[in-house]
Amino acid sequence: MTDTGVDTDKRVAEAWARIEAGLSRVLPASLRQFNAQATVQAIDAVEADLAIPLPQDFRASLRIHNGTGPGATLLPPEPSPVPLTCLCDTNEIIEMTRMWRDNYHPEPDWDDPQVWAYLVDTKMLWLNGPVRPIIGSPGAVVVGDMNGDVQWLLDFDPAPGGTPGQVVRVDVECASWDVLAPSWTQLLVRYAEDLEMYAADPDNSTLEIGHLGPACDWGSTPTDSWGMRPAWLQDVQHRSPYPT
């Protein structure tokens with residue numbers, strides 16, 4: 001596969017330049033953790049192994065930074081440049097997506113919008129945006145991780161109103177699913193804007209930055225929205241999955 005689309009490449013490069021500029025102001029030590037670019041062959045290998053085409057903007061992003069690494073071995077550890085332990089490189093994308101998919105066990109009694117509506121109404125599940133809360137969904141690719149507890153996915157099987165390839169933050173333990181952006185480019189721009197806001201006015205930024213880097217709850221559903229259905233579930237009659 002060859003990569004084309006000058007406009008897409010330019011938008012991605014501009015977004016990364018803004019992110020790096022923002023980090024240089026608020027978290028300069030983190031810049032060392034960005035990996036060098038991936039080769040087209042390595043990106044093609046991801047698509048072949050996972051049997052799914054990656055969005056052009058994500059391919060362009062990998063050709064700028066092939067994920068993040070641990071940085072230099074220093075004590076205390078260097079901060080992460082992203083609100084995760086790492087962005088996955090091409091090898092990690094394959095490995096972690098395989099692990100994600102290994103957890104897929106179809107459950108017809110639970111994988112149902114009526115049940116999801118019930119779980120949201122009873123505050124056992126939190127959904128922000130058009131995302132289906134299916135653990136291990138084969139229609140997702142893992143692109144970022146926070147200690148195995150929180151992951152970023154490219155979602156190719158969105159709920160009604162969603163965009164294939166949208167970026168979703170999943171915290172399985174907390175039963176929280178958040179659509180961070182409808183595309184990878186828009187995610188990068190959103191993060192760049194928040195870094196710029198933090199640099200200018202940290203008290204009004206949605207970012208929290210500590211000695212280990214940005215807090216992993218960036219982009220997550222606010223507590224006061226728990227129990228509220230996303231638009232695509234508004235008119236669904238809820239159904240309890242529990243025996244009566």
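The preceding data block contains the structure.
A word on the overall build of the chain
- Scanning the chain for helices and strands turns up six helices and eight strands.
- The N-to-C order of helical and strand elements in the chain reads α-α-α-β-α-α-β-β-β-β-β-α-β-β.
- For the C-alpha atoms alone, the extent of the chain along its principal axes is close to 55 × 45 × 35 Å.
- Of the contacts formed within the chain by residues at least 6 apart in sequence, a portion of 69% connects residues at least 24 apart.
- Per element, the accessible surface of the chain, about 12,000 Å² overall, is 54% carbon and sulfur.

Digging into the environment of Leu 50
- Note that Leu 50 resides in helix H2 (residues 40–50).
- Sequence spacing of Leu 50 and Val 141 is 91 residues, and the spatial spacing of their C-alpha atoms is 8.2 Å.
- Aside from chain neighbours lying at most four places away, what touches Leu 50 is Ile 93, Ile 94, Thr 97, Arg 101 and Val 141.

Brief notes about the packing of H2 against helix H4 (residues 90–102)
- It is the contact of H2 with H4, at a shortest axis distance of 9 Å, that shows an interaxial angle of 15°. Comparing the axis directions of H2 and H4 gives the class roughly parallel. Here H2 runs over H4; the crossing is right-handed. On the side of H2, the interface is formed by Ala 42, Ile 43, Ala 45, Val 46, Asp 49 and Leu 50, while H4 contributes Thr 90, Ile 93, Ile 94, Thr 97, Arg 98 and Arg 101.
- Looking at the contact of H2 with H4, its residues break down into seven nonpolar, two polar and three charged.

Re the packing of aromatic side chains
- Counted according to the given criterion, the structure contains ten aromatic pairs.
- With 5.4 Å between their ring centres and 85° between their planes, Trp 110 and Tyr 242 make a pair best called edge-to-face. With a gap of 132 residues between them, Trp 110 in the loop between H4 and helix H5 (113–121) and Tyr 242 in the segment after strand E8 (213–214) connect regions that are remote in the sequence.
- The partly exposed category is assigned to Tyr 242, whose relative accessible area is 37%.
- With 6.5 Å between their ring centres and 70° between their planes, Trp 152 and Trp 184 make a pair best called edge-to-face.

Remarks on helix H6 (residues 184–200)
- The end-to-end C-alpha separation of H6 is 24 Å, in line with the 24 Å expected for 17 residues at 1.5 Å each.
- All of the buried residues in H6 are Trp 184, Thr 185, Leu 187, Leu 188, Tyr 191, Ala 192, Asp 194, Leu 195 and Tyr 198.

Side note on the nonpolar core
- With 64 residues, the main nonpolar core has Trp 152 and Trp 184 as its most contacted residues.
- With seven residues, H6 is the single largest residue contributor to this core.
- Filtering out sequence-adjacent residues up to four positions away, Trp 184 remains in contact with Asp 57, Phe 58, Ser 61, Leu 87, Val 143, Trp 152, Leu 154 and Val 167.

Quick notes on the state of the cysteines
- Using the criterion set out here, one finds zero disulfides in the structure.
- The thiol of Cys 86 is unpaired, and the distance to the nearest cysteine sulfur, on Cys 88, comes to 4.9 Å.
- Note on Cys 86: relative accessible area 14%, which makes it buried.

Conventions we followed
- Residues numbered from 1 in each chain as written.
- Predicted model: local features only at pLDDT ≥ 70, side-chain atom pairs only at ≥ 80, totals over all residues.
- Heavy atoms only, no water.
- Helix = DSSP H or I, 4+ residues; strand = E, 2+ residues; numbered from the N terminus.
- Contact = heavy atoms within 4.5 Å.
- Areas by Shrake-Rupley, 256 points an atom, 1.4 Å probe, with all protein chains shown as cover.
- Axes fitted to C-alpha atoms, helices over the stretch in contact; angles between N-to-C directions.
- Parallel < 35°, antiparallel > 145°, perpendicular 65-115°, else oblique.
- Left-handed = near helix turned anticlockwise from the far one by under 90°.
- Nonpolar A, V, L, I, M, F, W, Y, C, P; charged D, E, K, R; others polar.
- Phe/Tyr/Trp six-rings, centres within 6.5 Å; stacked < 30°, edge-to-face > 60°.
- Buried < 20%, exposed > 50% of the residue type's maximum accessible area, 1.4 Å probe, protein only.
- Expected span 1.5 Å × (residues − 1).
- Core = buried A, V, L, I, M, F, W, Y, C linked by side-chain atoms within 4.5 Å.
- Disulfide = S-S within 2.5 Å.

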